[in-house]
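Residue strings, one per chain:
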Amino acid sequence: MAVRNIFTDDASCLYKKARPVEKFDKKLHDLLDDMSETMYAAEGVGLAAPQVGILRRIFVMDCGDGLIEAVNPEIIETSGEQGGMEGCLSFPERRGYVVRPNRVVFRAYNRIGELMEYECEGLSARCVMHETDHLDGHVYLEKVTEPPEGFTEEQAEDEREPEAGAKAEAAPEAGAESEPKSEPKSKGEAQE
Ligand SMILES: [Zn+2]
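Procedures and definitions
- Residues numbered from 1 in each chain as written.
- Predicted model: local features only at pLDDT ≥ 70, side-chain atom pairs only at ≥ 80, totals over all residues.
- Helix = DSSP H or I, 4+ residues; strand = E, 2+ residues; numbered from the N terminus.
- Expected span 1.5 Å × (residues − 1).
- Buried ≥ 20, exposed ≤ 12 C-beta atoms within 10 Å, placed from the backbone.
- Pairing = 2+ DSSP bridges.

Moving on: helix H2 (residues 123-135). In an α-helix there are 3.6 residues to a turn, and that puts residues three or four apart on one side. Helix length check: H2 (13 residues) gives 19 Å between terminal C-alpha atoms against 18 Å at 1.5 Å per residue, within 8%. Burial in H2 covers these residues: Leu 123, Ser 124, Ala 125, Arg 126, Cys 127, Val 128, Met 129, His 130, Glu 131, Thr 132, His 134 and Leu 135. Immediately downstream of H2, the backbone of Gly 137 shows phi near 80°, a positive value.

A word on the pairing of strand S7 (residues 115-121). Of the strand pairs in this sheet, strand S6 (residues 103-109) and S7 are connected by seven bridges, and their pairing is antiparallel. Paired with Arg 107 across the two strands is Glu 117, which belongs to S7. Once S6 ends, the chain turns through five residues before running back antiparallel as S7, passing Gly 113 with a positive phi of about 85°.

So, on to unusual backbone geometry. Even without glycine at this site, Asp 9 takes up a positive phi of about 55°. Relative to the elements of secondary structure, Asp 9 occurs in the segment before helix H1 (26-41). A positive phi angle, near 50°, is found at Asn 72, a position not held by glycine. With 20 C-beta atoms counted inside 10 Å, the residue Asn 72 sits in the buried group.

Rendered as structure tokens:
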């Protein structure tokens, strides 16, 4: 395990679309271990692979309900709306008001290639949307808007549902989508 360098600001790896993971091998496990170690060391709640210079569709998150490792995540459903302050480990010292869905259902493979389904609310839902944006080369700063009049961050914290979080279960179709997609051999990971 090792803490990796987090790319920031105008690093080109933050603005490229990441490719799907094809192999659930030791290299993936090492990357996932490093990503969670890097996220915890930086005191973040989420980290996407492009932020450490790896253009693969992977993110890790822990919004207080335990670690989720998401490989090739797909958003299935979103509902509701929440506005709140958001930050990003790739843009230290900055924060901005972003409107996101309040509830998100997504599927992702775990580290051993099992398809899982997760239902998230509140902060966890915000985090999932933020991290999946990273996998498409988008950063939250593109979505920052003016907070509504009278908005304070403290108020937003108070209104957060204490039990809001992520719950996981095996996706009903687990296995059905496990066919690895064929893709030309990769030419090494971006390390900008
Ligand atoms: Zn981010």
